[in-house]
Amino acid sequence: YSDSGLGKTHLLSAIVNYLKESASGKKTLYCAASDFLEEYLLVANGEKEFNKLKDYIVSHDVLLIDDVQMLGGKEKTTDYLFQIFQKMYNGGKQIVITSDKHPSELKGFDERLKSRFAGGLSISIGAPDVQTCISILKSKIDAGPIELSAFDENVLEFIGQKFSKNIRNIDEAL
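Residues numbered from 1 in each chain as written. Predicted model: local features only at pLDDT ≥ 70, side-chain atom pairs only at ≥ 80, totals over all residues. Heavy atoms only, no water.

## Some thoughts on helix α5 (residues 111–118)
To keep it simple, the criterion reads: Whether a residue is buried, partly exposed or exposed follows from its accessible area with a 1.4 Å probe, protein chains only, as a fraction of its type maximum: under 20%, in between, or over 50%, in that order. For the purposes of this entry, the term helix denotes a DSSP run of H or I that reaches at least four residues, the term strand denotes a run of E that reaches at least two, and both are numbered from the N terminus. In this context, the arc is that of the directions from the helix axis out to the C-beta atoms. Here a residue-residue contact requires only that any non-hydrogen atoms of the pair lie within 4.5 Å.
Residues of α5 that are buried: L113, K114 and F117. For α5, the buried positions fall inside an angular range of 100 degrees around the axis, keeping them on one side. Packing partners of the buried residues in α5 comprise α4 (75–90) and β3 (94–97).

Rendered as structure tokens:
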């Protein structure tokens, strides 16, 4: 969990890529909370069956949901998520979620779901220090068409200091 722009989605993408590259054979499902909600609403409107969607999701070994806080206050949707969570957990499967707050601080979720979320490993992602921002910036420059030597070190330090609160802003500054 962290504020916006500090790498939660990037981390989930890295997990998905690792599982694909490692040839672990683990069937992985990644979705944004907004996509989960959209699929749930299609089911609720009778366009799909609840059990078929649940079986599809649970058929995966790893479920990754980004920005789960977006489901807060949607009681039926979070109840459905609870059922999926329980079924996957009881089946020994892995679930990774991201949010902008610690699970205990999520609004609009009942306590049983928040306690399930908090029962796993919760990691706070903080804003990087200036040196880390400069390293990220250099890495992004190395991956691009312009040579790192074309950038003055003072410019890199300025960008690192000015935009260290949000990694997305480093991309924009670059």
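## Considering the layout of surface pockets
Stated precisely, the cut-off is as follows: Method remark: on a 1 Å grid restricted to protein atoms, a set of points is classed as a cavity if a 1.4 Å probe fits but cannot get out and as a pocket if it is open with protein on both sides within 12 Å along at least five of seven lines; lining residues have an atom within 4 Å of a point. Grid points are joined across faces, edges and corners, and a volume is the space filled by probe spheres set on the points. Only Asp, Glu, Lys and Arg are considered charged in this grouping, and only Ala, Val, Leu, Ile, Met, Phe, Trp, Tyr, Cys and Pro are considered nonpolar; every other residue, Gly among them, is considered polar.
The computed volume of the largest pocket comes to approximately 750 Å³. Among the elements of the structure, α1 (8–21), α4, β3 and α5 are those that each provide at least two residues to the lining of the largest pocket. It is α1 that contributes the most residues to the lining of the largest pocket, 5 residues altogether. Residue composition of the lining of the largest pocket, by class: 16 nonpolar, 7 polar and 4 charged. By volume, the second largest pocket amounts to about 340 Å³. When residues of the lining of the second largest pocket are traced back to their parent elements, those giving at least two are α1, α6 (130–142) and α8 (167–173). If one sorts the elements of the lining of the second largest pocket by residue count, α1 sits on top with 4 residues. Looking at the lining of the second largest pocket residue by residue, the classes come out as 6 nonpolar, 6 polar and 6 charged.

## Quick word on the side chain of D66
Operational definition: Charge assignment in this entry is limited to Lys and Arg as positive and Asp and Glu as negative, and neither His nor the chain termini are counted. Any Lys or Arg side-chain nitrogen located within 4 Å of an Asp or Glu carboxyl oxygen qualifies as a salt bridge. Counted as a polar contact is a pair of N or O atoms within 3.5 Å, where, for protein atoms, one must be capable of donating a hydrogen and the other of accepting one, and residues adjacent in sequence contribute only when both atoms are in side chains.
Considering the arrangement of structural elements, one finds D66 in strand β2 (residues 62–66). Here D66 is buried and forms no salt bridge, its nearest opposite-charge partner K8 lying at an N-O distance of 6.2 Å. For D66, the side chain forms a polar contact with the side chain of T98, separated by 2.4 Å. Excluding anything up to four places from it in sequence, D66 contacts K8, T9, L12, Y30, C31, A32, A33 and T98.

## Overview of the packing of aromatic side chains
Note the cut-off: Only Phe, Tyr and Trp rings are paired, with Trp represented by its six-membered ring, and only when their centres lie within 6.5 Å; those with planes under 30 degrees apart are stacked, over 60 edge-to-face, the remainder tilted. Counting as a charge over the ring demands two things of the Lys NZ or Arg CZ atom: a distance within 6 Å of the ring centre and an angle within 35 degrees of the ring normal.
Counted according to the given criterion, the structure contains 6 aromatic pairs. Judged by centre distance (6.3 Å) and plane angle (45 degrees), the rings of F36 and Y80 are tilted. Linking F36 in helix α2 (residues 33–44) with Y80 in helix α4, this pair joins segments that are 44 residues apart in sequence. Each of the two residues, F36 as well as Y80, counts as buried. The ring of F82 carries R112 above its face, with NZ or CZ at 3.8 Å from the centroid.

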